Amino acid sequence: MTLPFFDPRPENDRLRARIEAAVRRVLDAPRLILGPEVEAFEREFAAWLGARHGVGVNSGTDALALALRAVGVGRDDEVLTVANAGAPPVAAVRALGARPRFVDVDPATLVLDPDRLADAIGPRTRAVLPVHLYGQPAPLDAIRELADARGLPVVEDCAQSHGATLGGRPTGTLGRIAAFSFYPTKNLGAVGDGGLCATDDDDLAARLRRLRFYGFDDERRALEDGANTRLDELQAAILRVKLTALDAAVAERQALAAAYDEALADRDVIPVAPGAGCEHARHLYVVRCRDRAAVTAALDDAGVGWAVHYPVPAHRMPAYAPFADEPLPVTERACDEVLSLPLHPGLPGDAVERVATALPARG
Ligand SMILES: *Cc1c(COP(=O)(O)O)cnc(C)c1O
């Protein structure tokens, strides 16, 4: 029997009765857009995070784009970010007509390398967009020091880091605005698309609320160019249920990761270890391979699902090649070597052992 890379059903099944009740509540409600469920979820998520405001939107990518706009990024401005997090952060930058400038990553943790950041800041730089990749907090203290000195806002990409902390402080509270995704695979997953911007800043929160709804004021007059990107009541109602299980889900992910660490000790792969001083949210369990094709062939033979996050660095994608201005050796090497193993709440009890057995032994 095959072991899929990801399956949302075990976690949703545990909460099935409460999720079904939430769906019925929305079916019976008179208001289906920006109603009480979204309002309650925004409040509950912000409280869980320890932020003043949550603003629900349609996706994590939209949350990033709105956050960048809210901090003042516009056409032809430059946003510093990484190239190893797939397309979404770059798509958010490009949605504003702004230009990504890619910064290489730390060779051990694969998140934005602050030592590379200072050189990348230029006259057109308008914001910094670090990604807490795989659930590993980017070093926001060092990044903030550089950004603050130049008056640059930091927008955190928390799509993979619900539950991660740095020096005891949650990712999502370390920059000006944080963008979360509730795509079904994420640590907090909806039954469809969803996202949220979190911030402590009252003015930015008001602007985000406006931007997600055509730039409207209370009388539905557009005060500025806005978007239609709203979290819907159904997803919000389901997310409220899942939020109550989020801390347990992250703890389960961390326990599975610890089991992998032990089980893979004699396998021919190298786990990407968490950085110092942080709690890794274990959105993904990522190893590096000397010969990834051989490793994935072995997993295929054993019926074990796998994924690569991400195989093509953004600056090598046709759409973003014009922004490939500096060599990114650490990023490129990592993209050739990384491999994600199955890890999600409700993973079958024998899965870790089964994956480990399927992997080639260290020679
Ligand atoms: C998933 C993801 C996003 C985008 O979230 P969506 O809800 O799918 O738009 C952004 N950044 C990272 C790092 C992600 O993993």
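Residues numbered from 1 in each chain as written. Predicted model: local features only at pLDDT ≥ 70, side-chain atom pairs only at ≥ 80, totals over all residues. Heavy atoms only, no water.

Undergrad: What is the right way to read the overall build of the protein from this model?
TA: Per the secondary structure count, the protein includes 13 helices and 13 strands. Summarising its shape, the C-alpha atoms of the protein cover approximately 70 × 55 × 35 Å along the three principal directions. Taken across its 363 residues, the protein has 55% of its residues classed as buried. Per element, the accessible surface of the protein, about 15300 Å² overall, is 51% carbon and sulfur. One finds the centroid of the 41 positive side-chain charges in the protein at a distance of 3 Å from the centroid of its 52 negative side-chain charges. (Helix = DSSP H or I, 4+ residues; strand = E, 2+ residues; numbered from the N terminus. Buried < 20%, exposed > 50% of the residue type's maximum accessible area, 1.4 Å probe, protein only. Areas by Shrake-Rupley, 256 points an atom, 1.4 Å probe, with all protein chains shown as cover. Lys, Arg positive; Asp, Glu negative; His and termini not counted. Charge placed at Lys NZ, Arg CZ, Asp CG, Glu CD.)

Undergrad: Looking at this structure, how should I read the environment of L112?
TA: Relative to the assigned elements, L112 resides in the loop between β3 (99-102) and α6 (114-120). C-alpha of L112 to C-alpha of I143: the two residues are 31 residues apart in sequence and 8.6 Å apart in space. Leaving out residues up to four positions away in the same chain, L112 has contacts with V82, V103, D104, V105, D106, L117, P130, P139 and I143. (Contact = heavy atoms within 4.5 Å.)

Undergrad: Just checking my understanding: could you explain the sheet that holds strand β1 (residues 53-57) for this structure?
TA: Working definition: the strands of a sheet are paired by backbone hydrogen bonds and lie parallel or antiparallel to each other. Across the sheet, which stays open at both edges, the four strands sit in the order β1-β9-β8-β5 with mixed pairing between neighbours. The open sheet is flanked by β1 and β5 (155-157), the only strands paired with a single partner. Each adjacent strand pair in this sheet contributes to an overall mean axis angle of 20°, direction not counted. By the bridge criterion, four bridges tie strand β8 (residues 177-181) to strand β9 (residues 195-199) in an arrangement that is antiparallel. If you follow A178 over to β9, its bridge partner there is A198. Docked against the sheet, helix α3 (residues 36-49) engages β1, β8 and β9, running at close to 130° with respect to β1. Packing against the sheet, helix α4 (residues 60-70) makes contact with β1, β5, β8 and β9, and its axis sits at approximately 165° to β8. (Pairing = 2+ DSSP bridges. Axes fitted to C-alpha atoms, helices over the stretch in contact; angles between N-to-C directions.)

Undergrad: Explanation requested: the pattern of salt bridges in the structure shown.
TA: Proximity of charged atoms lets side chains of opposite charge pair with each other. Summed over all chains, the structure comprises 25 salt bridges. Residues joined in a network through salt bridges with shared partners are R25, E37, E44 and R240. (Salt bridge = Lys/Arg side-chain N within 4 Å of Asp/Glu carboxyl O.)

Undergrad: Can you help me understand the site of the ligand in this one?
TA: Within the structure, the ligand sits among 14 residues, and T61, D157, Q160, S181 and K186 are positioned closest to it. For the ligand, an oxygen atom lies 2.7 Å from a polar atom in the backbone of G60. Interatomic distance of 2.7 Å between a side-chain N/O atom of Q160 and an oxygen atom of the ligand. Protein contacts shield 91% of the accessible area of the ligand, which totals 380 Å² for the unbound molecule. If you tally residues by element for the shell around the ligand, the top one is α4, at three residues. Grouping the amino acids of the shell around the ligand by side-chain chemistry returns six nonpolar, six polar and two charged. (Near = heavy atom within 4 Å. Polar contact = N/O pair within 3.5 Å; in protein donor to acceptor, adjacent residues only side chain to side chain. Nonpolar A, V, L, I, M, F, W, Y, C, P; charged D, E, K, R; others polar.)

The values reported here are purely geometric and, on their own, carry no functional implication.
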